[in-house]
Amino acid sequence: MAKRMKFSHGVHPPELKELTEREPIRRLPFPDEIVLPLSQHTGKPAKPLVAIGDRVQRGDMIAQADGFVSSPVHASAAGTVTAIELWPHPSGAFHEAIRIKVAPYDAQVPRKRIIPNWHGLSAEEIVDAVRRAGVVGLGGAAFPTHVKLVPPKDVTIDTVVINGCECEPYLTTDHRTMVEYPERVHLGTRLMLTTLGVDRAMIGVENNKPDAIERLRATIPDDLRERVTVHALTVKYPQGAEKMLIKSLLDREVPSGKLPMHVGVVVHNVASVATIAEVFETGLPLVERIVTVTGPGVVRPSNLIVPVGTKVRDLIAACGGFTETAREIVFGGPMMGAAQASTDVPVLKGTSGVIVLTDTEVKPQKAYPCIRCGHCLDACPVFLNPQILGQLAMYERYEEMNAHHLQDCMLCGCCGYTCPSNIPLTQLFALAKAQLRKQPQAA
Amino acid sequence: MTTPRLLITAWPHLAERDSTPRIMWTVNLSLVPVIAAAIFYFGPSAVLVLAASLAGCLVTEWVFGSREALADGSAVITGILLGLCLPAGIPMWMAFVGGAFAIGFGKLVFGGLGQNIFNPALLGRAFLQAAFPVALTTWPVIRENWWALRGDNLALPLMSPQAVDVLTQATPLGLMKFEQQTTATWRLMIGMTGGSLGETAGIIILLCGAYLAWRNYLNWRIPVSIFATVAALATFTHAINPAYPGPMFMLFSGGLMIGAVYMATDMVTSPVTNRGCWLYGFGIGFLVVVIRLWGGLAEGVMYAILLMNALVPFINRATQPTVFGTRTVKAAS
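Residues numbered from 1 in each chain as written. Chains lettered and ligands numbered in written order. Predicted model: local features only at pLDDT ≥ 70, side-chain atom pairs only at ≥ 80, totals over all residues.

Undergrad: Which residues make up the overall build of chain B, and what values go with them?
TA: Helices and strands together make up the secondary structure of chain B, namely 14 helices and two strands. Here the C-alpha atoms of chain B give a radius of gyration of 22 Å, agreeing with the 20 Å that 2.2 N^0.38 yields for 333 residues. Within the span of chain B, comprising 333 residues, buried residues form 53% of the whole. Taking the intrachain contacts of chain B between residues at least 6 apart in sequence as the baseline, contacts between residues at least 24 apart amount to 75%. (Helix = DSSP H or I, 4+ residues; strand = E, 2+ residues; numbered from the N terminus. Rg over C-alpha atoms; globule rule 2.2 N^0.38 Å. Buried ≥ 20, exposed ≤ 12 C-beta atoms within 10 Å, placed from the backbone. Contact = placed C-beta atoms within 7 Å.)

Undergrad: Hey, could you go over the sheet that holds strand β7 (residues 79–88) of chain A for me, with residue numbers and the actual values?
TA: All names here are of chain A. Read from one edge of the open sheet, four strands run β2-β8-β7-β4, paired in antiparallel fashion. Looking at the sheet topology across the chains shown, the edges are occupied by β2 (33–37) and β4 (55–56). Here nine bridges tie β7 to strand β8 (residues 94–102), and the two strands are oriented antiparallel to one another. Within β8, the residue paired with W87 across the bridge is H95. (Pairing = 2+ DSSP bridges.)

Undergrad: Now, about the domain arrangement of chain A: what can you tell me, with residues and values included?
TA: According to the domain assignment, chain A contains domain 1 (116–282) and domain 2 (375–438). On the side of domain 2 of chain A, seven residues touch domain 1 of chain A, which itself brings six residues to the contact. (Domains from an automatic or database assignment.)

Undergrad: Before we move on, could you go through the domain arrangement of chain B and cite the residues and values that matter?
TA: All names here are of chain B. Domain annotation of chain B identifies domain 1 (19–169) and domain 2 (171–318). Of the residues lining the interface, 33 residues belong to domain 1; the matching set on domain 2 comes to 30 residues. Residue composition of the side of domain 1 that touches domain 2, grouped by class: 25 nonpolar, seven polar and one charged. (Nonpolar A, V, L, I, M, F, W, Y, C, P; charged D, E, K, R; others polar.)

Undergrad: Requested: an account of the interface of chain B and chain A, with residues and values cited.
TA: Counting from both sides, the interface comprises 40 residues of chain B and, opposite them, 58 residues of chain A. Classifying every residue of the side of chain B that touches chain A by side-chain character gives 20 nonpolar, 15 polar and five charged.

Undergrad: Any chance you could break down the confidence of the model for chain B for me, citing the residues and the numbers?
TA: Residues and elements named next belong to chain B. On average, residues of chain B score 86 in pLDDT, and 90% of them are at 70 or above. Here residues 329–333 scores under 50 on pLDDT; set against residues more than four positions off or in separate chains, the count is eight contacts. Here the complex is predicted with pTM 0.88, and the ipTM for its interfaces comes to 0.86. (pLDDT = per-residue confidence, 0-100.)

Undergrad: Describe the packing of helix α10 (residues 221–240) of chain B against helix α12 (residues 256–263) of chain B, listing the residues and the values that go with them.
TA: Residues and elements named next belong to chain B. Running from N to C, α10 and α12 point in directions that differ by 150°, and their axes come no closer than 9 Å. Between α10 and α12, the angle falls in the class roughly antiparallel. Within the contact between the two elements, α10 uses P223, I226, F227 and V230 and α12 uses L256, A260 and V261. Within the contact of α10 with α12, the residues separate by chemical class into seven nonpolar, no polar and no charged. (Axes fitted to C-alpha atoms, helices over the stretch in contact; angles between N-to-C directions. Parallel < 35°, antiparallel > 145°, perpendicular 65-115°, else oblique.)

Next up, the structure:
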């Protein structure tokens, strides 16, 4: 492997991972209340199966998938359903959610295995179990995992790419998962190779996590040694974007408007892979996840295992509370994460981190006119021209933006990060995309 | 646990520390050695001319532009650069008018920072060249007495300058073009020649430019492309006809250094694409050689850059980056 593995462009934000990268994952006691939104994934929201007043056990399915591209929701703690109502959702809107009052003295252990043992299961049975366990991508987009395990008949997959880059600053969830649960990563990889009938898996990890790379390499099971490789990649944002990762590892370019499967690749986040293994190990569906709670605005930054649906206020309380200057709560990474308006917002299956920023980070920046420095063109990993796109967006010429490949923009934030004039480029593009979605026929 | 008043901002929540004023002021700072060299060679005249052109720019920006814009440092760059490409003996009022023109007609009429098509400093100089051709082509020699003025800097507007006891000389390019005399390359490099205030010290300008390129405040492709084009063409023409100057002379004489490093790389008026920068630099280099060798003027950097400035929108359009995933698709192996 003489060729250097890389993608072009991108930016180098400060890594800021030192706050939590050596913190072992802690388990929290159950909170008093769990809030489980019906929409925790890409696709149609789940349909509730419970009514107010129902007693639920940990692991019970309380909302079922609505169609194939959807995912069920399970009670993440035993207790009583107190309400099914609109509740603040990390997306910024209010969404239908099931509120469960946690029974304080309940054993929180299900009576029997809900997810079967994987030994002896056929590929279809494994996919079905993953679907029933409600596993979605844990990296952020929360795409239902089982959908990616059944590629359409007209594409051939030759490689499974496991994404352990964690290129977003601050976050260390994937890092700690790889260090503490490397066996789960390998079991999950094995299950994926089986279901997809693929020979090769590549695990890509940014080389700022040498301990994770070493642990992963040391624990590859003997019979997978030929088929699974761990690759150290340069530290550059957005290394963990699907298309960039495929470019780095395989030097294949996903065509514009197409998906990784069109170049024979399926990409899974390393935490999702570990979760697949976890549900088969424990017999419980996806009811808890690892979250990094970090940033200069929390007293004791930590990596936590929490039940899905835990409110962010409980997380921050478990980390010693806010510091004096705390000002903004971000779900996800600082480059692409969304700011939250309330501490009632629950952690979803796809919430990889909670970052609390302080006055210093969120100080308002004066925007200057574009001086055409071209730094955004050098930053854009998909080779767009954010300079011209930004000008068109300011004049609301959204249709023309499509001609400049707006739809290839993945809103990674590189242009906005690098702009010396502080023009909110990424925000403008998100707005333009939303406006175009609203009126698709207008042209 | 007390919850703070939460703020909501859009992602990305991190930003690079660079800002537009920071870029502008860094460029200004990088010009300090060039200014120092100008003062070293041209004495108090350099200070007077620079002060006058700076004042012209700042006053115009203050009166007609936005007063906030004074703080971003862009008008200061224009003032300094204009001053640096004027001869030491020019009356101060002319430098002031040039500065006012540069900001007023070079920048503000287009809508201020970031909107202009032409490099304001060069536009100001072009205006002065057209309005006062004699004053703009009188090059004082480097004097023994450092304190002496190099011309009638203090002349009043519209009065013909007094015939001060000043020795003038032609620039190396003028000598080459009209009298077929060459100047030693080392003299050109350290600036011991006639010429505008800031264009004589080639080595210093190169070093300052290297610093800016390292900070990513100028696109190194532009000067490199200009130098390469000029050197290649000069080597070629020199080989065909030895009367034409060689590459080292072409690179270090006249305004090529300051033009390539500071004027052509003005972010606002140069292409945004890297491929465009190569093309733009090639165009400038080509025009410089053509004007110098076959044009009626001894020097062509100013017009070469202004001409290419006008083509920048077309260059940008022609060199849009190839969007990821739109190249010919590699078949999955």
